[in-house]
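Descriptive analysis of the structure
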Amino acid sequence: MTGPSEPRGERFSDEGRRGPSTGRPSGGARGGSGRADDGGRGERSGDRGRSFGAERGDRYPRGARPGQGGDRPRGGQFGADRRGAGRRPVRPAVDLPRQVAYQAIAAVHRDDAYANLVLPAMLREEGLVGRDAAFATELTYGTLRQTGTLDAIITDAAGRDVQRIDPPVRDALRLGAYQLLHTRVPAHAAVSSTVDLVRSVGPGATGFANAVLREITTRDLDGWVAKLAPATETDPVGHLALAYSHPQWIVRAFAEALGGDLGETERLLIEDNERPPVHLCARPGLADPVELADEVGGAPGAFSPYAVYLSGGAPGDLRAVIEGRAHVQDEGSQLVANALAVAPLDGPDARWLDLCAGPGGKAGLLGALAAQRGARLTAVEVAEHRARLVEQATRGLPVAVLATDGRTVGGDPELPEGHFDRVLVDAPCTGLGSLRRRPESRWRRQPSDLPPLTRLQRELLTAALRAVRPGGLVAYVTCSPHTVETHVTVTEAARRCGLPVDFVDARPLMPAGMPGLGGGPTVQLWPHRHGTDAMFLAVLRRG
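All figures in this text were calculated on a predicted structure; none of them were measured in a lab. Think of each chain on its own: its residues are numbered from 1, step by step along the sequence as written. In view of the model being predicted, local features appear only for residues whose pLDDT reaches at least 70, and side-chain atom pairs are presented and counted only at 80 or more, with totals across whole chains, interfaces and linings using the full set of residues. The basis for every side-chain value is the complete set of heavy atoms in the structure, and neither hydrogens nor water enter the calculation.

The next subject is the sheet that holds strand β3 (residues 307–310). Criterion used throughout: strands pair if DSSP finds at least two bridges between them. In this text, helices come from DSSP runs of H or I with a minimum length of four residues, and strands from runs of E with a minimum of two, each type numbered from the N-terminal end. Across the sheet, which stays open at both edges, the four strands sit in the order β2-β3-β1-β4 with antiparallel pairing between neighbours. The open sheet is flanked by β2 (299–300) and β4 (326–328), the only strands paired with a single partner. By definition in these notes, contact holds between two residues if any of their heavy atoms fall within 4.5 Å. Whenever a helix is involved, its axis is fitted only over the stretch in contact; in every case the axis is a line through C-alpha atoms, and angles between N-to-C directions fall within 0 to 180 degrees. Relative to the sheet, helix α15 (residues 331–342) contacts β1 (278–282) and β3, its axis offset from that of β1 by approximately 35°.

Here it is in structure tokens:
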């Protein structure tokens, strides 16, 4: 996705848009008594005879937006009345960045949308740019990342399970709680703007919302974690899960992949909640990374020879991206694709295969490398719309795109067995390695997703081992550190495939001096160690 990226290195204050922060806000700095004006703690559960929200299972009002009903100004989705030049404009109840953030969050929960897709479209529709766009992005991504912890806090402050609150009101409370606990927005501004928002999406719940938010202001984030999280001594995973807003099963998976080191697991969880930088890939032969960094106002990457770091903005608008000289790609993805290309290989080296190519980032890099070396890449993608994305991403490169299932090796004349010299299997996975970029994913994925995914991963890797020639190389890649998707899948596929297979030490295929690569022969990259997504790489040679 090449829409606006998240702002980095900044917290918003004074209505959310005026200045940096140097740390977590304290409870005392917010001011206020911590009691709701209409009853304080005794009123916080909303038992005042007015509706505070439906039971779980009730749906969002279809198409509901802030400002609908009696509070919605005319003349635009969120704007003021524009019907006459001499008429005094109607001030929206809630400012536009907060309204857009609310709509994006509601779309994620109501429609199973993806924030990195819906938010850029909303920003364009409403004409939000600069700091307003950055504020809306911060609120959207931050609230989605912190949903688990925010829900626990709202449950306690409301005196009832958050899932029993009407969905539109629930999302508004999450947005308000995030401002109170994770930004320097003044408490009065966060409370009043959220109550105004609730007035437009759930008018009967304004008193309830006011009481809940006032209760939340009685503690800072550390105070709420101290109250609600299990003790580290008795339940360290439960403590980390609530303190850093990850499901417990993901915390366990991370801890296992890190050898049981809970201290390092904590550092990973912290990094997962940070706003990730935008990485560009300067396509070999088409762009020089140092010159590209100067052109876009970025900096050359730390590890990938093709990486350029951006601090933010809309990378899809960059001329280099539009012209196909560069594309948006995490540095870790660049490293694992490049590892396949630089691995020593005896014999012919002209036929390369990307067996799971959509949406085309790794195919774009491999295609550019292939062009420099007189090779050709076959890019396979089972979904037709993603195959079209691969075609767009590799236009002008020596790449042939096939819209077919990669498991048909040997049954498709264009995918013969024993034909290819280098094969990449960027297998479908849980995506646990890119949670910082896809904030809603941690709450959507379930342990039950693993069995069908790992079966597919084994089948694809087996197909790749059939497709590669004797002596050829296969790189198995996932954007997940879960050991079932990494070590277990690779060893089981190699054992069951019926072909002689040897592991190649992948560590020398990484840049010289790169730290934290482990004991081999596989490589696991980490956000907290390398600043990349948590990419896994195993390289196998067919005997």
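Here the focus is the pattern of salt bridges. The term salt bridge refers to a side-chain nitrogen of Lys or Arg lying within 4 Å of a carboxyl oxygen of Asp or Glu. Taken as a whole, this structure holds 27 salt bridges when the rule is applied. Its salt-bridge partner being Arg373, residue Asp349 comes within 3.0 Å of it at the nearest N-O pair. Here Arg373 lies in helix α16 (residues 361–373) and Asp349 lies in the loop between α15 and β5 (351–354), a separation of 24 residues in the sequence. Each residue is assigned to one of three classes by its accessible area relative to the maximum for its type, calculated with a 1.4 Å probe on protein chains only: buried under 20%, partly exposed between the two thresholds, exposed over 50%. Since its relative accessible area comes to 37%, Arg373 is described here as partly exposed. The partner of Asp449 in a salt bridge is Arg445, and the shortest N-O contact between them spans 3.5 Å. Assessed through its relative accessible area of 26%, Arg445 is described here as partly exposed.

Bridging between β5 and strand β6 (residues 376–380) involves four bridges; their strand directions are parallel. Residue pairing across strands places Arg351 opposite Arg376, the latter belonging to β6. Since β5 and β6 lie parallel, the crossover through α16 that links them has a hand, and here it is right-handed. Across three bridges, the pairing between β5 and strand β8 (residues 420–426) is parallel. By the bridge assignment, Trp352 is partnered in β8 with Arg422. We call a crossover right-handed when, viewed with the strands running away from us, the connection from the first strand over the helix to the second turns clockwise.

A few words now on the packing of helix α11 (residues 248–257) against helix α12 (residues 262–272). Geometry of a packed helix pair, given as the angle between the helix axes and the separation of the axes. Where α11 meets α12, the closest approach of the two axes is 9 Å, and the angle between their N-to-C directions is 125°. Our classification of the angle between α11 and α12 gives oblique. Where α11 crosses over α12, the handedness of that crossing is right-handed. Taken together, the residues of α12 that come into contact with α11 (itself represented by Val251, Phe254 and Ala255) are Leu262, Thr265, Leu268, Leu269 and Asp272. For classification, angles of less than 35 degrees are called roughly parallel, those exceeding 145 degrees roughly antiparallel, those between 65 and 115 degrees roughly perpendicular, and all remaining angles oblique. Should the near helix be turned anticlockwise from the far one by less than a right angle, the crossing is left-handed, and should it be turned clockwise, the crossing is right-handed.

Our focus in this paragraph is the nonpolar core. By convention a nonpolar core is built from buried Ala, Val, Leu, Ile, Met, Phe, Trp, Tyr and Cys residues, the set being connected through side-chain atoms within 4.5 Å. Counting residues in each nonpolar core, the largest one holds 62 residues, and the members touching the most others are Ile154, Ile165, Leu173, Leu180, Leu181, Val212 and Ile216. Core analysis: the next-biggest nonpolar cluster, separate from the first, contains 42 residues, Ala341, Leu473, Met514 and Met535 among them.

The next thing to look at is unusual backbone geometry. Residue Pro359 follows Gly358 across a cis peptide bond; omega there is 0°. Residue placement: Pro359 occurs in the loop between β5 and α16. Although it is not a glycine, Asp112 sits at a positive phi angle of roughly 55°. Along the chain, the position of Asp112 falls in the loop between α2 (96–111) and α3 (115–126). One non-glycine residue with positive phi stands out, namely Ser245, at about 55°. With respect to the secondary-structure elements, Ser245 resides in the loop between α10 (236–243) and α11.

Geometry of aromatic contacts follows a simple scheme: Phe, Tyr and Trp rings, the Trp one being its six-membered ring, pair when their centres are within 6.5 Å, and the pair is stacked under 30 degrees between planes, edge-to-face over 60, tilted otherwise. As enumerated under the stated definition, the model contains one aromatic pair in all. Aromatic pair Tyr476 and Phe536: ring centres 6.4 Å apart, planes at 70°, arrangement edge-to-face. A residue pair is termed long-range when its members are at least 10 positions apart, and Tyr476 in strand β9 (residues 468–478) and Phe536 in strand β12 (residues 536–542) qualify at 60 residues. Exposure class is identical for Tyr476 and Phe536. Each is buried. Lying over the aromatic face of Trp224, Arg219 brings its terminal NZ or CZ to 5.1 Å of the ring centre. Over a ring means this: the NZ of a Lys or the CZ of an Arg is within 6 Å of the ring centre and within 35 degrees of the ring normal.

Attention now moves to the pairing of β8. Among the seven residues that make up β8, seven are buried, leaving the element largely enclosed by the rest of the structure. As defined by bridge partners, β8 adjoins β9 across six bridges and the pair is classed as parallel. Following the sheet pairing, Leu424 is matched in β9 by Ala475.

Where α2 contacts helix α6 (residues 167–182), the axes come no closer than 10 Å and their chain directions differ by 125°. In terms of axis orientation, α2 runs oblique to α6. Handedness of the α2/α6 crossing: right-handed. Where α2 abuts α6, its residues Arg98, Ala101, Tyr102, Ile105, Ala106 and His109 lie against Pro168, Asp171, Ala172, Arg174, Leu175 and Gln179. Partitioning the contact of α2 with α6 into residue classes produces seven nonpolar, two polar and three charged. Each residue is assigned to one of three groups, with Ala, Val, Leu, Ile, Met, Phe, Trp, Tyr, Cys and Pro labelled nonpolar, Asp, Glu, Lys and Arg labelled charged, and all others, Gly among them, labelled polar.

Here we come to α11. Residues of α11 that are buried: Trp249, Ile250, Val251, Ala253, Phe254 and Ala255. Buried residues along α11 sit in contact with α10, α12, α18 (441–444) and α19 (450–467). Gly259 sits one or two residues past α11 and shows a positive phi near 70°.

A few words on α6. Three- or four-residue spacings in an α-helix give side chains the same orientation, since the helix completes a turn every 3.6 residues. Helix span is expected to be 1.5 Å times the residue number reduced by one. Between its terminal C-alpha atoms α6 stretches 22 Å, which fits the 22 Å expected from 16 residues at 1.5 Å a residue. Counting buried positions along α6 gives 16 out of 16 residues, so the element sits mostly inside the fold.

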